[in-house]
Structure formats: C-alpha cells, structure tokens
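As a plain string of letters, each chain reads:
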Amino acid sequence: MHIPSHLEQLEAESIFIMREVAAQFERPVLMYSVGKDSSCLLRLAQKAFYPGKIPFTFLHVDTSYKFPEMYEFRDRTVKDLGVQLIVHRNEPALKDDANPYALGTQRCCALLKTGALLEALAKHEFDAAIGGARREEERSRAKERVFSFRDKHGQWDPKSQRPELWNLYNGRLGKGESMRVFPLSNWTEQDIWHYILQEQIPIVPLYYAKKRKMVVRGNMLIPVMESDPRTFQGHRVEEVMCRFRSLGCYHCTGAVRSEADTLEKIVSEMTQVTTSERATRIIDFDTDGSMEIKKREGYF
C-alpha cells in the first residue's frame, strides 16, 4: 500500500480546497503576485482541473514598483498558460506619485495594495479570492482560516471567522460579502521549495543567488534600482552575492546573503534558516502589529 508522502498530502489538501472554491463560488479569482507561492498555486490549479483549463481568472494587483524580472516572468507565464490576467493599479494614487519615501510604507501600501485590491474585487464582483499566504509566515496570518471571511467592506475580523472542523469549508455569503481562500495555509517555506524542486516549477530568477548591487544597512540588503535613484542616493553601493527569499516592491524588499544559485542549493540552505522570509519585508515592521492592521483593512 502506498503511504502518501508529506508533500503528497499537502498537494492533495490544496487541490481539494481549489475544487471546493470552484464548486462553491460564482466568481472566484486567483491572486497572482508572481512569487514562489503563486508559482506553486498555478501548478496546483493545473493539477486540480487537468486535463481542463484552470477555471479562474487571474488578478495581479500591481503597485508599478515591482522588479523588472517579475513583470517579464508574469507576462511570459500568462502567455504560456493561456489564462486571462487582469492587472489592476490604483491609477489616481500613482498619478499623485504615491511612494514610500513621501508617504511612508504603511500609507503607500494602503493605497497601492490594499486600496487597489478592494477596488479590483468590487469592480469585477469577485466573491472569492485565492491567495498564496501561509500560516507560518507571520503571526497574524497564523490566525487565518482556509476560508477567511470578509465583510461587505472587505475587512477581516479574526474573531468572526468560521470553524473548519473535519476540513469542512463554509462558503456561504451575504450580499457584498466575500471570501479569501488560502490553499497553502498548512505549507511552510521549506515545503514550497521542496515542491518547486520536485515539480521543477519555473520561478523568477531573483530567487537565485548572484552578485547584485546593494545598499547595506546592518543585516539588511536593499536592492539598487538604476531606474530609481531614490534607492541608493546618499548611500554607498556594494556588490553582494545574494538572493531574495520573498518578492514585493523593490523599495520594501530586502535580499539575503547567499551562494544558493540552484534549486538544490536553495533547498539545502533552507534547512539552516531560523528566521521567517518576512524578515526581509520592510512593510511588515513599519509599526507594531503592522501586518494585522493591514489585514483588518483588507490586505492579503
């Protein structure tokens, strides 16, 4: 008798969740952030509905401040998969030059991420949004259910979440309410990398180590963007062998020193890591309880 491996069990659970979303909701959407977790979600969606097409529209909430490699990877992936992608930006905020240098990371994130996400979900009347968040990433995310209920304002209250006994998911919604769904809830960062290696899933090259221009601030490596002098003005630039564990806006995403330039080396490196990948994301630490505040306002 075949005993499912740890990854096989996680994969089966995630596939079951995706099929539940397709069955219970009228207008679900799959959030595509272009990162490693999104790449795993795509592979799981392909497996969940094979040999048919993925039955979800894809949504990328774009701040306009992503790395060029992320945009290139996004467009190539969507073209290869033949899926419908909606790219949504908070254009009024961008027209007013919203950026973390002028507004601070919390206000900038509220406008370009949370505000844009809520606007996109309302505009297209999506009743369920599938995301790649994992419970072990960060303390507030550990409070999430797999089916995470949002009120008519798109806001999250951890005390009003529904029980999920025996993996039974309640997708009932009232007018204007919606659900965030997290098929990777029980995965860890190590699980993600083992799955990427096992499945040979394509990922953004930024995850691989190479020499990059960085501003070094203590243990934090801030990427230098030649197209945006604000990322390095007034600071000494160094070439550092490094890679990214987590990807977001280049203003707010730090790298880590690393020699891991292959999937095998990344998986090996992850066995030695003792800090969360979110430690490299500046937006998580701009104020006490920052992530939970953002989530209550509608952030993923």
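Residues numbered from 1 in each chain as written. Predicted model: local features only at pLDDT ≥ 70, side-chain atom pairs only at ≥ 80, totals over all residues. Heavy atoms only, no water.

Counting 65 residues, the largest nonpolar core has Phe-147 and Trp-193 as its most contacted members. At seven residues, helix α2 (residues 36–49) tops the list of elements feeding residues into this core. When residues of this core are sorted by domain, at least three fall in each of domain 1 (6–190 + 289–297) and domain 2 (205–285). Contacts of Trp-193, omitting those with residues within four sequence positions, involve Lys-36, Ile-203, Tyr-207, Arg-243, Leu-263, Ile-266, Val-267 and Met-270. (Core = buried A, V, L, I, M, F, W, Y, C linked by side-chain atoms within 4.5 Å. Buried < 20%, exposed > 50% of the residue type's maximum accessible area, 1.4 Å probe, protein only. Helix = DSSP H or I, 4+ residues; strand = E, 2+ residues; numbered from the N terminus. Domains from an automatic or database assignment. Contact = heavy atoms within 4.5 Å.)

Over its 20 residues, helix α6 (residues 105–124) extends 27 Å from the first C-alpha to the last, a length consistent with the 28 Å expected when each residue adds 1.5 Å. Maximum bend of α6: about 30°, positioned at Gly-115. All of the buried residues in α6 are Thr-105, Cys-108, Cys-109, Leu-112, Lys-113, Thr-114, Ala-116, Leu-117, Ala-120, Leu-121 and His-124. (Expected span 1.5 Å × (residues − 1). Bend = angle between axes of the 7 residues up to and from the residue.)

A few words now on the side chain of His-88. Its place among the elements puts His-88 in strand β3 (residues 85–88). His-88 has contacts with Leu-59, His-60, Val-61, Asp-62, Ala-116, Glu-119, Ala-120 and Lys-123, leaving out every residue within four places of it along the chain.

Below, the discussion takes up the packing of aromatic side chains. Across all of its chains, the model carries 10 aromatic pairs by this definition. Between Tyr-32 and Phe-58, the ring centres sit 6.1 Å apart and the planes meet at 55°, which makes this aromatic pair tilted. Taken as a pair, Tyr-32 in the loop between β1 (28–31) and α2 and Phe-58 in strand β2 (residues 57–61) lie far apart in primary sequence, 26 residues in all. Residue Tyr-32 shares its accessibility class with Phe-58, and that shared class is buried. An angle of 65° between the planes, with centres 6.3 Å apart, marks the rings of Phe-67 and Tyr-250 as edge-to-face. Taken together, the positions of Phe-67 in the loop between β2 and α3 (68–81) and Tyr-250 in the loop between β9 (237–243) and β10 (256–257) put the pair 183 residues apart, joining distant regions of the chain. Assessed through its relative accessible area of 7%, Tyr-250 is described here as buried. Through a chain of ring-to-ring contacts, the aromatic side chains of Phe-16, Phe-25, Phe-147 and Tyr-169 assemble into a single cluster. (Phe/Tyr/Trp six-rings, centres within 6.5 Å; stacked < 30°, edge-to-face > 60°.)

Attention shifts here to the pattern of salt bridges. Under the defined criterion, the tally for this structure stands at 17 salt bridges. The shortest N-O distance in the salt bridge between Glu-199 and Arg-43 comes to 3.4 Å. Of this pair, Glu-199 sits in helix α7 (residues 189–199) while Arg-43 sits in helix α2, and the two are 156 residues apart along the sequence. For Arg-43, a relative accessible area of 18% corresponds to the buried category. One salt bridge connects Glu-136 with Arg-134, and the closest N-O pair in it is separated by 2.5 Å. (Salt bridge = Lys/Arg side-chain N within 4 Å of Asp/Glu carboxyl O.)

Before going further, it helps to spend a moment on the packing of helix α1 (residues 6–24) against α2. The angle between the axes and the distance between the axes are what describe a pair of packed helices. Their axes nearest at 9 Å, the elements α1 and α2 cross at an angle of 70°. Between α1 and α2, the interaxial angle falls into the category roughly perpendicular. Counted together, Glu-11, Ser-14, Ile-15, Met-18, Arg-19 and Ala-22 of α1 and Leu-41, Leu-44, Ala-45, Lys-47, Ala-48 and Phe-49 of α2 form the full contact between these two elements. Residue composition of the contact of α1 with α2, grouped by class: eight nonpolar, one polar and three charged. (Axes fitted to C-alpha atoms, helices over the stretch in contact; angles between N-to-C directions. Parallel < 35°, antiparallel > 145°, perpendicular 65-115°, else oblique. Nonpolar A, V, L, I, M, F, W, Y, C, P; charged D, E, K, R; others polar.)

Let us look at the domain arrangement of the protein chain. Here the domain parsing of the protein chain yields domain 1 (6–190 + 289–297) and domain 2 (205–285). Of note, the centres of domain 1 and domain 2, computed from C-alpha atoms alone, are 24 Å apart. Taken together, the contact pairs 27 residues of domain 1 with 26 residues of domain 2. Of the roughly 2300 Å² buried between domain 1 and domain 2, counting both surfaces, carbon and sulfur atoms make up 61%. Summed over the shared surface of domain 1 and domain 2, the number is three salt bridges. Between domain 1 and domain 2 we count seven residue pairs in polar contact (both at pLDDT 80 or more) in total. (Buried area = accessible area lost by both parts, 1.4 Å probe. Polar contact = N/O pair within 3.5 Å; in protein donor to acceptor, adjacent residues only side chain to side chain.)

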